[in-house]
Amino acid sequence: MKPFLKLTASAATALIFLSGANPSFARAPQAAATGDAAAQSAPTASWPEFSGYKRYHGNCSVCHGFDGLGGTFAPNLTKSLKTLDHDAFMEVLVNGRQNGNLAMPAFGADPNVMCFAEDIYTYLKARSDDKLGRGRPSPQPKKPADVAAAENACLGL
């Protein structure tokens, strides 16, 4: 029974880590023990960066890895956006790309991606330019009313 418990605890730890959660046990021991706000603080983000973080991790991280750092079969976007401009990024996002046996699907008809494409780009560009660090940005800013209205209109709500 003990090996099962160890496996379960290991699996739970891995799931928490992979989900992007920031549990207190993942912080530096002195930060968790002292409550040092600077050591525990997450990067600050604008609304588009925060929205892009959420949308990226909901749609893109499966292939491109957490925080845009690349995956098993998709490139590191924090490096790609050092040379790929906005228009080229949008072209690939909308139409997809084939590279040998690997393929980036076209998301041009997916409102869950396209309604937030600018936010995704903004988030990844901030990561690429080292303006936004790894992890969930904090504090989470309140969504502006005009942004909520535009999102609802794009999504047909």
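Residues numbered from 1 in each chain as written. Predicted model: local features only at pLDDT ≥ 70, side-chain atom pairs only at ≥ 80, totals over all residues. Heavy atoms only, no water.

Chemist: How should I be thinking about the packing of helix α4 (residues 47-59) against helix α9 (residues 117-128) in this particular structure?
Modeler: A pair of packed helices is captured by two measures, namely the crossing angle of their axes and the spacing between those axes. With their axes 7 Å apart at the nearest point, α4 and α9 run at an angle of 100° to one another. Overall, the two elements α4 and α9 adopt an arrangement that is roughly perpendicular. Contacts from Pro 48, Glu 49, Ser 51, Gly 52, Tyr 53, Arg 55, Tyr 56 and His 57 in α4 reach Asp 119, Ile 120, Thr 122, Tyr 123, Leu 124 and Ala 126 in α9. Among the residues forming the contact of α4 with α9, the class breakdown is 7 nonpolar, 4 polar and 3 charged. (Axes fitted to C-alpha atoms, helices over the stretch in contact; angles between N-to-C directions. Helix = DSSP H or I, 4+ residues; strand = E, 2+ residues; numbered from the N terminus. Parallel < 35°, antiparallel > 145°, perpendicular 65-115°, else oblique. Contact = heavy atoms within 4.5 Å. Nonpolar A, V, L, I, M, F, W, Y, C, P; charged D, E, K, R; others polar.)

Chemist: Would you mind showing me how to read the pattern of salt bridges here?
Modeler: Opposite charge on two side chains lets them pair, provided their charged atoms get close. On inspection of all chains with the given rule, the structure shows 3 salt bridges. Note that Arg 134 is salt-bridged to Asp 67, the shortest N-O span being 2.9 Å. With Arg 134 in the loop between α9 and α10 (145-155) and Asp 67 in the loop between α5 (61-64) and α6 (77-80), the pair connects residues that are 67 residues apart, well separated along the chain. Glu 151 is paired through a salt bridge with Lys 143; the nearest N and O atoms lie 2.7 Å apart. Judged by relative accessible area, which is 8%, Glu 151 ranks as buried. (Salt bridge = Lys/Arg side-chain N within 4 Å of Asp/Glu carboxyl O. Buried < 20%, exposed > 50% of the residue type's maximum accessible area, 1.4 Å probe, protein only.)

Function cannot be inferred from these measures alone, as they are strictly geometric.
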